[in-house]
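# Observations on the three-dimensional arrangement
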Amino acid sequence: MSDASYLRLDKLTLSYGQTVAVRDLDLSIGRGELVALLGPSGCGKTTTMRAIAGLLTPTSGRINLDGADITRVSANKRAVGLVFQSYALFPHLTVFENVAFGLRLKGMGGRDLEAKVNGGLKSVGLSNFAGRKPAELSGGQQQRVALARSMVMEPKVLLLDEPLSNLDARLRLEMRAELQRVQKETGVTMIFVTHDQVEALALADRIVVMLNGGIEQIGTPEDIYNRPVSAFVADFVGFENVFELRDGKLKTADGTVELVGAAPRNAAGLAWRPRAVSLGSGPFRGTVRGMSFAGNTREYLLDTPLGAIKAEVDATLPAHAMGSTLNFDLPVAGAASLSRYG
Ligand SMILES: Nc1ncnc2c1ncn2[C@@H]1O[C@H](COP(=O)(O)OP(=O)(O)O)[C@@H](O)[C@H]1O
Ligand SMILES: [Mg+2]
């Protein structure tokens with residue numbers, strides 16, 4: 001086993017009855033890595049996590065962890081921790097006893113247990129809450145208890161399935177930082193599921209973008225954000241102007257449109273973020289159909305022969321009136337080059 005494939009999924013196919021939810025998934029995760037599974041609802045994120053945790057037997061393929069084939073190993077013998085969106089704490093037990101629960105099942109007691117649980121609570125900043133019941137905690141604090149409960153078991157991999165989606169925006173930010181800190185301090189290998197690209201970009205060492213039960217792209221946050229490989233990933237990370245290329249020209253609803261610069265060889269498509277569209281000059285013309293003010297910027301929706309175009313410009317520039325006609329450019333240098341369009 002190399003550290004770079006501490007956890008390895010080989011051609012993993014996962015089904016519910018006749019329904020295939022994940023097909024031929026290959027993924028290698030390094031020891032100590034924080035990997036985000038990112039994708040829309042129903043793409044197979046939870047199914048993949050359940051298989052890693054041992055809660056779902058693969059139809060085919062293998063799972064390797066720390067040098068051992070665990071495909072047929074039962075869930076409680078895998079050393080894989082799982083934290084869900086719902087915290088599933090025992091309401092009648094104190095915070096201390098919730099965190100101690102799994103350790104007691106393993107036969108731990110006395111001083112050892114106390115030291116371990118207190119260490120876990122300290123690592124998530126809950127040392128002063130050991131005697132409380134879950135109902136006396138905020139959502140964020142409950143989520144920390146769930147995290148501590150998994151961490152004290154010293155899992156080889158910790159799986160978190162949309163752990164922050166029940167929290168309000170401010171708490172989510174706080175917990176995001178907390179997760180990152182705990183992960184870096186303990187070095188635990190972590191897989192984090194989210195449908196929120198901002199969360200994935202902020203947290204992960206590497207992002208796995210999933211679609212329809214398969215992997216669209218694997219890369220660093222910078223790769224995914226700046227160099228999406230497909231139209232789907234581009235759209236998902238905010239390139240709102242995505243075009244297929246045909247013979248080096250942009251494909252539109254009723255033909256093709258010539259670009260000013262040459263498109264990169266082998267590109268199947270080009271994509272521009274709204275701020276990469278230059279408004280005011282250029283070979284194309286569009287009519288302002290919508291405008292929204294966003295503080296530092298204004299976003300325009302243009303009706304153009306290319307279809308609808310979204311452009312974002314500095315709000316200190318004079319505003320363009322609704323219905324006015326403007327020139328604009330789609331500079332090739334500012335585009336992401338897609339190797340796959342479909
Ligand atoms: N228990 C189940 N029985 C049948 N189909 C399921 C079950 N759970 C999930 N699915 C299907 O498997 C696919 C993947 O689901 P899931 O892994 O939960 O997606 P995600 O977590 O990415 O939202 C979806 O099409 C979903 O409808
Ligand atoms: Mg899910």
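Residues numbered from 1 in each chain as written. Chains lettered and ligands numbered in written order. Predicted model: local features only at pLDDT ≥ 70, side-chain atom pairs only at ≥ 80, totals over all residues. Heavy atoms only, no water.

As far as domains go, the protein chain holds domain 1 (3-228) and domain 2 (232-338). Relative placement of domain 1 and domain 2: their C-alpha centres are 39 Å apart. Domain 1 puts 14 residues into the contact, and the matching count from domain 2 is 12 residues. Here domain 1 packs against domain 2, burying approximately 980 Å² in sum over the two surfaces, 71% of which is carbon and sulfur. The interface formed by domain 1 and domain 2 includes 0 salt bridges. For the interface between domain 1 and domain 2, the tally reads 2 residue pairs in polar contact (both at pLDDT 80 or more). Looking at the side of domain 1 that touches domain 2, the elements that each hand over two or more residues are strand S9 (206-211), strand S10 (214-219) and helix H7 (221-226). Residues belonging to the side of domain 1 that touches domain 2 are distributed by class as follows: 8 nonpolar, 5 polar and 1 charged. (Domains from an automatic or database assignment. Contact = heavy atoms within 4.5 Å. Buried area = accessible area lost by both parts, 1.4 Å probe. Salt bridge = Lys/Arg side-chain N within 4 Å of Asp/Glu carboxyl O. Polar contact = N/O pair within 3.5 Å; in protein donor to acceptor, adjacent residues only side chain to side chain. Helix = DSSP H or I, 4+ residues; strand = E, 2+ residues; numbered from the N terminus. Nonpolar A, V, L, I, M, F, W, Y, C, P; charged D, E, K, R; others polar.)

The subject of this paragraph is the packing of aromatic side chains. Considering all chains together, one arrives at 4 aromatic pairs under this definition. Relative to Trp 272, the ring of Phe 243 lies with its centre 6.2 Å away and its plane at 70°, an arrangement referred to as edge-to-face. Of this pair, Phe 243 sits in strand S11 (residues 241-246) while Trp 272 sits in strand S14 (residues 269-272), and the two are 29 residues apart along the sequence. The buried category is assigned to Trp 272, whose relative accessible area is 0%. Between Phe 284 and Phe 328, the aromatic rings sit 5.5 Å apart at their centres with planes inclined by 40°, giving tilted as the arrangement. With Phe 284 in strand S15 (residues 278-293) and Phe 328 in strand S18 (residues 325-329), the pair connects residues that are 44 residues apart, well separated along the chain. In this structure Phe 284 comes out as buried when scored by relative accessible area, which is 9%. On the accessibility criterion, Phe 328 (0% relative accessible area) is buried. Arg 273 extends its terminal NZ or CZ atom over the ring of Tyr 225, reaching a point 3.7 Å from the ring centre. (Phe/Tyr/Trp six-rings, centres within 6.5 Å; stacked < 30°, edge-to-face > 60°. Buried < 20%, exposed > 50% of the residue type's maximum accessible area, 1.4 Å probe, protein only. Lys NZ or Arg CZ within 6 Å of the ring centre and 35° of its normal.)

As a matter of local geometry, ligand 1 sits amid Tyr 16, Ala 21, Pro 40, Ser 41, Gly 42, Cys 43, Gly 44, Lys 45, Thr 46 and Thr 47. Contact between ligand 1 and Thr 47: an oxygen atom at 2.5 Å from a side-chain N or O atom of the residue. Across the complex, the protein chains shield 57% of the 560 Å² of accessible surface that ligand 1 would expose by itself. In the shell around ligand 1, the residues fall into 4 nonpolar, 5 polar and 1 charged. (Near = heavy atom within 4 Å. Areas by Shrake-Rupley, 256 points an atom, 1.4 Å probe, with all protein chains shown as cover.)

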